[in-house]
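# Fold and contact review
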Amino acid sequence: MHIFYHPDYDIPVPLTHRFVGTKFSDLYNHLQTQPFASKLKVGQPTPAPIERITRAHTSSYIEKVSSDELSKDDLRLINLPWSERLRNRSFLAIEGTYQTARQALKSGIACHVGGGTHHAHRDHGLGFCVFNDLGYTAKNLIAEGHVEKVLILDLDVHQGDGTIDICQGDPHIFTCSIHSESNFPFEKKQGWMDIGLPAGTKDQAYLDTLSQTLDSIQSSLTPDLILFDAGIDVYTNDGLGNLELSIEGIRKRDQLVFQHFRGRGIPVATVIGGGYSQDRQELASRHGLIFESAINYL
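Below, the structure is looked at part by part. (Residues numbered from 1 in each chain as written. Predicted model: local features only at pLDDT ≥ 70, side-chain atom pairs only at ≥ 80, totals over all residues. Heavy atoms only, no water.)

All right, on to the pattern of salt bridges then. Taken as a whole and judged by the stated rule, the model has 15 salt bridges. Across the pair R52 and E144 runs a salt bridge whose closest N-O atoms are separated by 2.8 Å. In this pair, R52 is assigned in helix α2 (residues 50-53) and E144 in the loop between α6 (133-143) and β4 (150-154), connecting sequence segments 92 residues apart. Taking the relative accessible area as the measure of exposure, R52 reaches 17% and is therefore buried. The class for E144 is partly exposed, based on a relative accessible area of 29%. (Salt bridge = Lys/Arg side-chain N within 4 Å of Asp/Glu carboxyl O. Helix = DSSP H or I, 4+ residues; strand = E, 2+ residues; numbered from the N terminus. Buried < 20%, exposed > 50% of the residue type's maximum accessible area, 1.4 Å probe, protein only.)

Shown next as structure tokens:
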């Protein structure tokens, strides 16, 4: 199975920060210890070309990021300490999701050791997200003629408001978000399909909702590709989540998505999305679930 990763994904953040800056290398190293490690073929992205980024973000915002000229207000919205590493990572990681999607179109499933920066809007970053890899990938795959219809299935605990902002009005991109109705962002956007769940939702109610949503999608759409944000902040003990899924519930969620779409021959590219914990090993192991489910499906 193809996975995509770059050692420059990690960023420096204070130990007290909610975002774990080493989570990408922690996850990559965790994957190397798994029984399926020998089955992983690792690809490495190069920085995204500017002409591709302009399909998802405004030129003025891209320029501010690339020249380190984000204002205090810009940085307050992003809520990460600015650094050369963060700037460089922002250009690498969106291309990582794009490359993962290109590979999924060839082999059916591919996974990104990163991605899911779904709060970044067209003209500003937000909530730990500088550029939006999901919007970037969908827009470019369509513009370049690789696909005609993309479904962005966002199962992070937080709504992908930035993805909706970037993709709204595009007749080729369909955003579906199942999220907590009472979590960040507190002003929800209206995408193609949005399901807000009450805080405290547990495995069975969540999986029933997901199953019904997948059936509803199937009755109205046959996409050429699924971009699957497999956020693990739906976990009951996540630092920033308020749903109550168990580890087994997350496994079943991911299996359901693979079975539903791969069973119909639709390629699936996965990104890790959100996950928050002070225990780095626990976090890496949780983010590793989507890779485990993908390998098991294959």
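On to the environment of L70, then. Tracing the sequence through the fold places L70 in the loop between α3 (59-66) and α4 (72-78). Between the C-alpha atom of L70 and that of L80, which follows or precedes it by ten residues, the distance is 12 Å. Setting aside anything within four residues of it in sequence, one finds L70 in contact with Y61, K64, V65, L75, I78 and W82. (Contact = heavy atoms within 4.5 Å.)

Take the packing of aromatic side chains next. Inspection of the entire model under this criterion finds twelve aromatic pairs. Their ring planes at 80° and their centres at 5.9 Å tell us that Y5 and Y9 sit as a pair that is edge-to-face. Accessibility classification places Y5 together with Y9 in one group, the buried group. Among the aromatic residues, those joined into a cluster by ring pairs are Y5, Y9, F19, F24, Y28, F128 and Y276. Sitting above the plane of the Y276 ring, K23 keeps its charged end 5.6 Å from the centroid. One Lys or Arg, R52, reaches over the ring of Y98 and ends 4.2 Å from the middle of that ring. (Phe/Tyr/Trp six-rings, centres within 6.5 Å; stacked < 30°, edge-to-face > 60°. Lys NZ or Arg CZ within 6 Å of the ring centre and 35° of its normal.)

An α-helix turns once per 3.6 residues; consequently, residues spaced three or four apart project the same way. Looking only at helix α10 (residues 280-287), the buried set comprises L283, A284, R286 and H287. Across the axial projection of α10, the buried residues extend over an arc of 160°, all falling on one side. Against α1 (23-32), α9 (247-262) and α11 (289-297) lie the buried residues of α10. The backbone nitrogen of Q281 lies 3.2 Å from a side-chain oxygen of the residue at the head of α10, namely D279. (Arc of directions from axis to C-beta. Polar contact = N/O pair within 3.5 Å; in protein donor to acceptor, adjacent residues only side chain to side chain.)

Quick look at the packing of α9 against α11 now. In the contact formed by α9 and α11, the axes pass within 9 Å of each other and the chain directions differ by 45°. Taken together, α9 and α11 sit at an angle that is classed as oblique. For the pair α9 and α11, the crossing hand works out as right-handed. Across the interface between the two elements, I247, I250, R251, D254, Q255, F258, Q259 and R262 of α9 pack against L289, I290, E292, S293, A294 and Y297 of α11. (Axes fitted to C-alpha atoms, helices over the stretch in contact; angles between N-to-C directions. Parallel < 35°, antiparallel > 145°, perpendicular 65-115°, else oblique. Left-handed = near helix turned anticlockwise from the far one by under 90°.)

Inspection of the secondary structure puts D254 in helix α9. Classification of D254 by relative accessible area gives buried; the value is 0%. Once the C-alpha coordinates of D254 and G21 are considered, the two residues, 233 residues apart in sequence, prove to be 25 Å apart. Contacts of D254, omitting those with residues within four sequence positions, involve F228, A230, L289, I290 and S293. Polar side-chain contacts of D254 include one of 2.9 Å to the side chain of R253.

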